[in-house]
Amino acid sequence: MTPRPYNFSAGPAAMPAEVLQHAAGEMLDWQGSGMSVMEMSHRGQEFGRILEAAESDLRELLAVPDHFRILFMQGGGLAENAIVPLNLSRGAAVDFVITGSWSLKSLKEARRYAQARVAASNEADGHTSLPEPRTWQISEAPSYVHLCSNETINGIEVHELPDLKSLGCNAPLVIDFSSHVASRPVDWTRVGLAFGGAQKNLGPAGLTLVVVREDLIGHALPICPSAFDYKTVADNRSMYNTPPTYAIYMAGLTFQWLKRQVEGKHQGVAAMEARNMAKAALLYDFIDQSPFYENKVAPSCRSRMNVPFFLRDESRNEAFLSGAKAAGLLQLKGHKSVGGMRASLYNAMPLDGVQALVNYMRHFEMTQA
Ligand code: PMP
């Protein structure tokens, strides 16, 4: 296969070429079944095998303990902004840590269903830092605390999940891990529920992953739609309604690809973490030493997945982007709400891709003098 350009999209995002090729080979006939995965009944034996393998591979990859359920849903991260309070709030207060655009969106949506309040916020510094957990003003007894563990637009990542118990809070932590799921291991002792869309690190759009502790299931508000009640979804093994079958199949192939990844003595998600740290360091180190480019996020909470950066002279943005495209570096334009550039370095982005980006940035800087 001729090499493809490097794709830095924030999502839907690049997928491993091996996964796409494998799927192409099975497009018309999945393993002698005579059918494409898209044409199979979700209740048939064939799809049953695909779903089961995807779930158990994911459980192994993320080391999800037995007392958590894995749910394959639809509606994306934004639907979960409603589905989580509908299932977990139980009529009590819920607390939000505001770190950027996505947690703000989650807060606004939760207010439609629950008494949601802000426990901490970095709005004052333009979403460039992470409020220290010991400064969070957590309510007396919230039903949960919401944290976006990677802010895709602002480029902020929580590198160590907070231990709410040590802050005197017994409520479960809910994390939106949409944009860094499977980029590093998860400490499930600190998490009650994690949700995320698949279209960044797991597969194509259309699939939403929810990992939820069993005791948090079964408390939905009466107005919660049945298809969004975690108990209905869990009791029906993610098949109450027709699940996004092809997206689950593609995510399943990605899980197998992830399991095969090795970096030094690490394998799977730990290998990805080592690789992702090296990729992010390469780009941030280059940006930091350059007078031409800038990243505004505090170094201690910079995202390994989404690197927003700015040309100090913004009049050169268009030239930067068109030159990048010509050099085979795609989708580097920043989110419209912040402008500038953004390089997303999800699992499918190899170190060589980041090196190609740095080489291009250096070259562009030199030719603009
Ligand atoms: N949360 C985060 C952190 C995201 O990055 C996104 C999508 N960019 C969403 C939520 C919304 O996801 P969706 O578009 O799948 O609803």
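**Student:** Explain the environment of Pro 5 to me, please; I cannot follow it from the model alone.
**Tutor:** The residue Pro 5 is located in the segment before β1 (6-7) in this model. Spatially, the C-alpha atoms of Pro 5 and Ala 17 are 11 Å apart, while their sequence positions differ by 12 residues. Those residues in contact with Pro 5 that sit more than four places away from it in its chain are Gly 328 and Leu 330.

**Student:** Whenever I open this one, the site of the ligand confuses me. Can you help?
**Tutor:** Around the ligand, the surrounding shell consists of Gly 76, Gly 77, Leu 78, Trp 102, Cys 148, Asn 150, Thr 152, Asp 176, Ser 178, Ser 179, Gln 199 and Lys 200. In this structure, an oxygen atom belonging to the ligand sits 2.9 Å away from a side-chain N or O atom of Gln 199. In the complex, 84% of the free accessible area of the ligand, which totals 390 Å², lies under the protein chains. When residues in the shell around the ligand are grouped by element, the largest group, three residues, is from helix α3 (residues 76-88). When the residues that make up the shell around the ligand are grouped by side-chain class, the tally is three nonpolar, seven polar and two charged.

**Student:** Is there a simple way to explain the side chain of Ser 290 in this structure?
**Tutor:** Mapped onto the fold, Ser 290 is located in the loop between α7 (268-289) and β13 (293-294). In this structure Ser 290 comes out as buried when scored by relative accessible area, which is 4%. A polar atom in the side chain of Ser 290 sits 3.0 Å from the side chain of Glu 365.

**Student:** Looking at this structure, how should I read the sheet that holds strand β14 (residues 306-311)?
**Tutor:** As summarised here, the arrangement of the three strands in space is β13-β14-β16, forming an open sheet in which the pairing is antiparallel. If you trace the sheet from one side to the other, it starts and ends with β13 and β16 (341-344), each paired once. By the bridge criterion, four bridges tie β14 to β16 in an arrangement that is antiparallel. Its bridge partner being in β16, Phe 309 is matched across the sheet by Met 341.

**Student:** Looking at this model, I keep getting lost on a nonpolar patch on the surface. Mind explaining?
**Tutor:** A surface patch of nonpolar side chains, amounting to about 330 Å² of accessible area, comprises Met 27, Leu 28 and Met 38. You can see Met 27 is positioned in the loop between α1 (17-25) and α2 (45-61).

**Student:** Got a minute to help me understand the domain arrangement of the chain in this structure?
**Tutor:** Often, the extent of an interface is quoted as the loss of accessible area upon association of its parts. Along its sequence, the chain is carved into domain 1 (19-259) and domain 2 (264-368). Measuring from the centre of the C-alpha atoms in domain 1 to the corresponding centre in domain 2 gives 26 Å. Tallying the contact residues gives 24 residues for domain 1 and 25 residues for domain 2. Approximately 2000 Å² of surface area, both sides summed, lies buried where domain 1 meets domain 2, with 57% of it carried by carbon and sulfur atoms. On the domain 1 side of the interface with domain 2, the three residues burying the most area are Thr 128, Ile 153 and His 159, jointly 25% of the side's total. Summed over the shared surface of domain 1 and domain 2, the result is zero salt bridges. Counting only elements with at least two residues in the side of domain 1 that touches domain 2, the list comes to β7 (156-157) and α6 (245-260).

So, how was this worked out
Residues numbered from 1 in each chain as written. Predicted model: local features only at pLDDT ≥ 70, side-chain atom pairs only at ≥ 80, totals over all residues. Heavy atoms only, no water. Helix = DSSP H or I, 4+ residues; strand = E, 2+ residues; numbered from the N terminus. Contact = heavy atoms within 4.5 Å. Near = heavy atom within 4 Å. Polar contact = N/O pair within 3.5 Å; in protein donor to acceptor, adjacent residues only side chain to side chain. Areas by Shrake-Rupley, 256 points an atom, 1.4 Å probe, with all protein chains shown as cover. Nonpolar A, V, L, I, M, F, W, Y, C, P; charged D, E, K, R; others polar. Buried < 20%, exposed > 50% of the residue type's maximum accessible area, 1.4 Å probe, protein only. Pairing = 2+ DSSP bridges. Patch = residues over 30% accessible without salt bridge, like charges linked within 9 Å, V, L, I, M, F, W, Y side chains within 5 Å. Salt bridge = Lys/Arg side-chain N within 4 Å of Asp/Glu carboxyl O. Domains from an automatic or database assignment. Buried area = accessible area lost by both parts, 1.4 Å probe.

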